[in-house]
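Architecture and fold: a report
Each chain, written out:
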Amino acid sequence: MTFSAKPLAALALPALLATAPLDAQEIWVTNEKDDTISVIDIATLEVVRTIATGERPRGITFSKDFSRVYVCASDSDTVQVLDAATGEILHELPSGEDPEQFVLHPDGRHLYIANEDDAVTTVVDTETRKVVAQINVGIEPEGMAVSPDGRIAITTSETTNMAHWIDTETQQLFANTLVDARPRHAEFTAGGSALWVSSEIGGTITVFDTATQTETGKIAFAVKGVHPDRVQPVGFAFTEDEKTAFVALGPSNHVAVVNAETLEVEDYILVGRRVWHMAFSPDKSLLFTTNGVSGDVTVIDTAKRQALKSIKVGRFPWGAALRP
Amino acid sequence: MRFLITLLMALCPAALAAAGLEVPVIYLKQQEQQPPTLSNLDPQPADLGETGARLGLADNRTTGSFLGHSYSLETVAVPPGGDFAAAARAALSRSALLILDAPKPALLAAAALPEAEEALLFNTASPDTGLRSGDCRRNLLHTLPSDLMRSDALMQFALTKRWTGLALISGSHPQDQAFAAALRQSAAKFGLEIAAEQTWDYGADMRRNAAQEVPLLSQGLGRHDLLLVADELQDFARYLPYNTWLPRPVAGSEGLVPTAWAPVVEQWGAAQLQSRFHDLAGRKMLARDYAAWAAVRSIGEAVTRTGSADADVLRQYLLSDAFELAGFKGRPLSYRSWNGQLRQPIPLATPRALAAQAPLPGFLHQHSELDTLGLDEPESRCGAFQ
């Protein structure tokens, strides 16, 4: 894109707003209190588009082929399906009440959705647009994960303080494991042999052995100058080799860098206020964190472990997803 | 599924023991005749507190369903002038876990019963600071903040804003006087001065005369930055804002209110708690609802983590460093080991929004900033927890 956009803007604004350049790599950020998505161009680190969504957009994920994006419009009680090229809302999926966060099964077809107000996990078939199953879980389900082989789905419940283990063949719970207070996020790692669950109020990440669902380790955090009560792990993500994890620590305004093998915290990176979720650039050299209270996204150089830039987005940015 | 359960029972006797754990809780309420107030706009809900306990029960039951723990809640109401201690004795024969929605004398009578010695009682209704000090009882924990926690929260706010000149209008009910005393104590603690005071003893009907009466009353208070009001029964204070002689913000029982909970608290996941409560009660969640919810959830959390329903085991766990309650106020809640008070942030709420939440930035403490609110260990004269 070598032409200057400015002179054209007056004439062709709708078209420019609506369509993304084909070769651009982007981070899509849901703005919980603006009912929009801010699209950040990874090359320029600028917001290039703002897309309207339903009410209170939170969880966001792309289809496997990146042609579509799914968005939890929590207060609209629906999951919206958008055309990833145009940002146009194509249709909605029945999601159950108050969908907050979800995960796409490796089959590319089934969404596992946490219904925060309803103590239910809903499984939706994105092709038939029908609910396949609803599974009763603890109060305020939030974190969602699915194992790489697709056999296990996880829901964490914030008030019940559990990770609920769902057999994706039978759509039934086969284990419920306690974690520290207010579990927020879950991810499988090490080829699916381990599960990590962050506990916001407990201030820890619990590591489970997937085969036995037993706890094998716990990660604690200590940010200099911040009271332990305010160090609250929420979202986290692993580098390509899965040797390092970046953990958002909420109102401590830091991201922790954790050695995923020794479970030791190696670094803390200062970011925006109330850091929440995150997404990597395609080569994982950059990490984009959503900072709810400051309404911005921090770009982290993952090799140097330094914040590079803050990008102003909408009000209360929540989720982030990569469109490569 | 049935096969799975059978298998589990066969393989694991410990799981069998845990399954079938019964946790009965009794909510004991002293009904009181409310004194008349000038306005009937906001009557006290008949189910105040009790519905908070019911929401806590629902939360506990969900967790219990995955662990084989079975929770129940029974409500016993003692009519005005009824024998609270006798009702407490009868309740203690059925459960050692009681939620007490009652004023100080009734709480002390229940706590003094021989049957209560090994029981675990929760005060969810009395803000009396003495109950957290010289009048504390070993078997009585407090989930409602004390008057002093609330007044400390407000004084932190006043000091942060540099509203150092204070005036106070207080009502004549004992509850008003207790809160006024707490405001004076907190003002002294944070180096502020209440330079002038008035007592509300006007018999006039303020709905007709507020515009005429309040300017005269407040004119006598001289110069001040913030007008404090202690009107805990919500009798007259609603007529103060915008009617004062000087244009001054009002805080305390009206205006900017320090409170355990308010319908405007929405951060830290609180919106979810508010909506669950509204679904259950058909009204907004208030401070005493929150205190009752926190008491029942404390029991649930302790049962979940210890696998026991024994009052002594639960008490020890609740008072230990291991206990943490996620109370939708942005940081973990725990009990003060010196007086059994639930340590908690105090929202400073206006009718339409949360203005701030104490502890405010800059008020530091060697252990927990939450202990800048209310009686810290050296200040409490409670010896029963040693």
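Anything mentioned here points back to the structure above.
Since we're looking at a predicted model, the values are computed, not measured.

**Overview of the side chain of Ser-38 of chain A**
All names here are of chain A. Following the sequence through the fold, Ser-38 ends up in strand E2 (residues 36–41). At a separation of 2.9 Å, a polar atom in the side chain of Ser-38 contacts the side chain of Asn-31. Filtering out sequence-adjacent residues up to four positions away, Ser-38 remains in contact with Ile-27, Trp-28, Val-29, Asn-31, Val-47, Arg-49, Val-313 and Gly-314.

**So, the interface of chain A and chain B**
Each side of the interface is counted separately: chain A has 30 residues, and chain B has 29 residues. The contact between chain A and chain B buries some 2300 Å² in all, and 51% of this surface belongs to carbon and sulfur atoms. On the surface where chain A and chain B come into contact, there are two salt bridges. With a closest N to O distance of 3.5 Å, Asp-229 of chain A and Arg-331 of chain B form a salt bridge. Of all the secondary-structure elements, those providing two or more residues to the side of chain A that touches chain B are strand E14 (162–167) and strand E15 (172–178) of chain A. For the side of chain A that touches chain B, the leading source of residues is E15 of chain A, giving four residues. Of the residues in the side of chain A that touches chain B, the class split is eight nonpolar, eleven polar and eleven charged.

**So, the layout of surface pockets**
Residues and elements named next belong to chain A. By volume, the second largest pocket amounts to about 1300 Å³. Lining the second largest pocket are 44 residues, and of these Thr-61, Lys-64, Val-103, Glu-187 and Lys-284 sit closest to its centre. Looking at the lining of the second largest pocket, the elements with two or more residues in it are strand E4 (57–62), strand E8 (99–104), strand E12 (141–146), strand E16 (183–189), strand E20 (236–238), strand E24 (275–280) and strand E28 (317–323). Looking at the lining of the second largest pocket residue by residue, the class counts come to 25 nonpolar, 14 polar and five charged.

Cut-off values and rules
- Residues numbered from 1 in each chain as written.
- Chains lettered and ligands numbered in written order.
- Predicted model: local features only at pLDDT ≥ 70, side-chain atom pairs only at ≥ 80, totals over all residues.
- Heavy atoms only, no water.
- Helix = DSSP H or I, 4+ residues; strand = E, 2+ residues; numbered from the N terminus.
- Polar contact = N/O pair within 3.5 Å; in protein donor to acceptor, adjacent residues only side chain to side chain.
- Contact = heavy atoms within 4.5 Å.
- Buried area = accessible area lost by both parts, 1.4 Å probe.
- Salt bridge = Lys/Arg side-chain N within 4 Å of Asp/Glu carboxyl O.
- Nonpolar A, V, L, I, M, F, W, Y, C, P; charged D, E, K, R; others polar.
- 1 Å grid on protein atoms, 1.4 Å probe; cavity = no way out; pocket = protein on both sides within 12 Å on 5 of 7 lines; lining within 4 Å.
- Points joined across faces, edges and corners; volume = space filled by probe spheres on them.

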